[in-house]
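The primary structure of each chain is shown beneath.
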Amino acid sequence: MILSAGIGALLALAAIAGTPEPQGEPDASPLLTPQSSGAVTTIALGHGEFGQFTLPVSLGRAVRLGDGSASETVPFLLDTGANVSALPHQIAAQLTPAEHLAPDLTGHALTSPFPTNRFFVEGFDYGLGPRTVEAAVLPEGIDSVLGATGVLGLNALKGERVEIDFPNAQLRIGGRGEIARHLEIDPHLDLIRGFARIPGVRRPVNVLIDSGASASVINPSLARLARGRTARDSLVIYGVSGDWPDRANRRRYVRGLSLGDLCLEAFWISIADLYAFETQGWDREPAMIIGADILQHARIEIDPVTQAVSIEGAGEFSCRRRRLGRWS
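Rules and cut-offs
Residues numbered from 1 in each chain as written. Predicted model: local features only at pLDDT ≥ 70, side-chain atom pairs only at ≥ 80, totals over all residues. Heavy atoms only, no water. Helix = DSSP H or I, 4+ residues; strand = E, 2+ residues; numbered from the N terminus. Buried < 20%, exposed > 50% of the residue type's maximum accessible area, 1.4 Å probe, protein only. Contact = heavy atoms within 4.5 Å. Areas by Shrake-Rupley, 256 points an atom, 1.4 Å probe, with all protein chains shown as cover. Disulfide = S-S within 2.5 Å. Core = buried A, V, L, I, M, F, W, Y, C linked by side-chain atoms within 4.5 Å. Pairing = 2+ DSSP bridges. Polar contact = N/O pair within 3.5 Å; in protein donor to acceptor, adjacent residues only side chain to side chain. Patch = residues over 30% accessible without salt bridge, like charges linked within 9 Å, V, L, I, M, F, W, Y side chains within 5 Å. Salt bridge = Lys/Arg side-chain N within 4 Å of Asp/Glu carboxyl O. Lys, Arg positive; Asp, Glu negative; His and termini not counted. Charge placed at Lys NZ, Arg CZ, Asp CG, Glu CD.

Remarks on the overall build of the protein
When helices and strands are tallied, the protein shows five helices and 28 strands. The buried share of the protein, taken over its 328 residues, is 54%. Across the protein, the fraction of contacts at a sequence separation of at least 24, relative to all contacts at a separation of at least 6, is 68%. As presented, the protein carries roughly 14,300 Å² of accessible surface, and 47% of it is formed by carbon and sulfur atoms.

As structure tokens, then:
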């Protein structure tokens, strides 16, 4: 079986993995109307074609899309694996002078580095009103990102108290109170990282929380430690450099996962020796990228002051339910 999946992870300055498919104007829907309740703003999330989560964004003006249509509001991928937001070159060229787009920086993607630059988008609005947000430029020829027009990275949420409720497809902004430090925003990479526990693996497992990834992946170092059954399924992993996609040809049966208050029973996961593990410094350490296939069962909350991140499993995926004996 071949699983075709795009996995987005913006590392260091910028990076993304996605399939280049043109997008039409999105249908009008209630997603375009955020709802406020006291000091908390709730924004409904949509579902991308690969299983990730999206939200509508205005770029301050109508933009022409890959199919020739124009739209005031376009879908962005909500990507916690991105430390900076990103737009395809053909969209960026409509928002800033060409001299700002010449690639003189290097982005570090899931599968490889790629040339890029960054510019500021004025009037960027995903539900809190217009603001100026820095964005990276994806290479020419990339018309869309995993079925979305762009990527909303963690930099667009910076300074806000954020809760992402994946099971209920909601982004909540605002609120107060301390949160548990299950994970944290890495001060050097500005990405959500931490450690998980897997039964049978004595060492803590490095994790990157990447809602832009449609499928979770473990590296060969973790696969050697997490002994179990192996299957010969294939996962196709797309990048943004225009090169041929990477391919993971094996899956491992992992006996479970415990991360904060998120607990999973045994599951299958693909094994891939990705460039992203090297850029994280994890090429020789057990590590995994946790994508939307796992995050769909969890809620995460980010405290902008302490940079603490909590993660909580929903329903049967809560560790508290497991301790109460509700799991078989």
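Looking at the side chain of Asn83
Mapped onto the fold, Asn83 is located in the loop between strand S6 (70-78) and strand S7 (85-88). The buried category is assigned to Asn83, whose relative accessible area is 10%.

Points about the state of the cysteines
What the rule picks out here adds up to one disulfide. At a sulfur-sulfur separation of 2.0 Å, the disulfide partner of Cys263 is Cys319. Every disulfide takes its handedness from the sign of the S-S torsion; for Cys263 and Cys319 that torsion is 100 degrees, giving right-handed. With Cys263 in strand S24 (residues 262-264) and Cys319 in helix H5 (residues 319-323), this pair connects stretches of sequence that are 56 residues apart.

Here's the deal with the nonpolar core
Ranked by internal contacts, the top residues of the largest apolar core, which has 63 residues, are Leu55, Leu59, Phe124, Tyr126, Leu152 and Met288. Considering every element that reaches this core, the biggest residue donor is strand S5 (residues 53-64), with five residues. In contact with Leu59, not counting residues within four places along its chain, are Glu72, Val74, Phe76, Leu87, Ile91, Leu95, Val121, Glu122, Gly123 and Phe124.

Side note on the pairing of S6
Sheet topology note: the S5/S6 ladder contains seven bridges and is antiparallel. Each bridged residue has a counterpart across the sheet, and for Pro56 the counterpart in S6 is Pro75. Between S5 and S6, which follow one another and run antiparallel, lie five residues, and Gly68 among them has a positive phi close to 95 degrees. The pairing of S6 with strand S12 (residues 150-152) spans three bridges and is classified as parallel. Bridging from a neighbouring strand, Leu78 pairs with Leu152 of S12.

Observations concerning the pairing of strand S26 (residues 287-290)
Here S26 shows no split at all, with Ala287 and Ile289 on one side and Met288 and Ile290 on the other all buried. Relative to S26, strand S18 (residues 217-218) is paired through two bridges, and the arrangement is antiparallel. Bridge pairing in S26 places Ile218 opposite Met288.

Things to note about the environment of Asp210
The topology assignment puts Asp210 in the loop between strand S17 (205-209) and S18. Overall, the relative accessible area of 0% leaves Asp210 in the buried class. Sequence-wise, Asp210 and Ala292 are 82 residues apart; in three dimensions their C-alpha atoms are separated by 7.3 Å. Here the side chain of Asp210 touches Gly81 through a polar contact of 3.4 Å, landing on its backbone nitrogen.

Details of a negative patch on the surface
On the surface, a cluster of negative charge is made up of Asp273, Glu278, Asp283 and Glu285. One can find Glu285 in the loop between helix H3 (275-279) and S26. Classification of Glu285 as partly exposed rests on a relative accessible area of 31%.

A look at the side chain of Arg161
Relative to the elements of secondary structure, Arg161 occurs in the loop between S12 and strand S13 (162-165). Within the structure, Arg161 has its side chain in polar contact with the backbone oxygen of Gly177 (distance 2.6 Å). Within the local environment of Arg161, its side chain forms a polar contact with the side chain of Glu301, the two groups lying 3.1 Å apart. Beyond its immediate sequence surroundings of up to four residues, Arg161 is in contact with Arg172, Ile173, Gly174, Gly175, Arg176, Gly177, Glu178, Ile179, Glu301, Ile302, Asp303 and Pro304.

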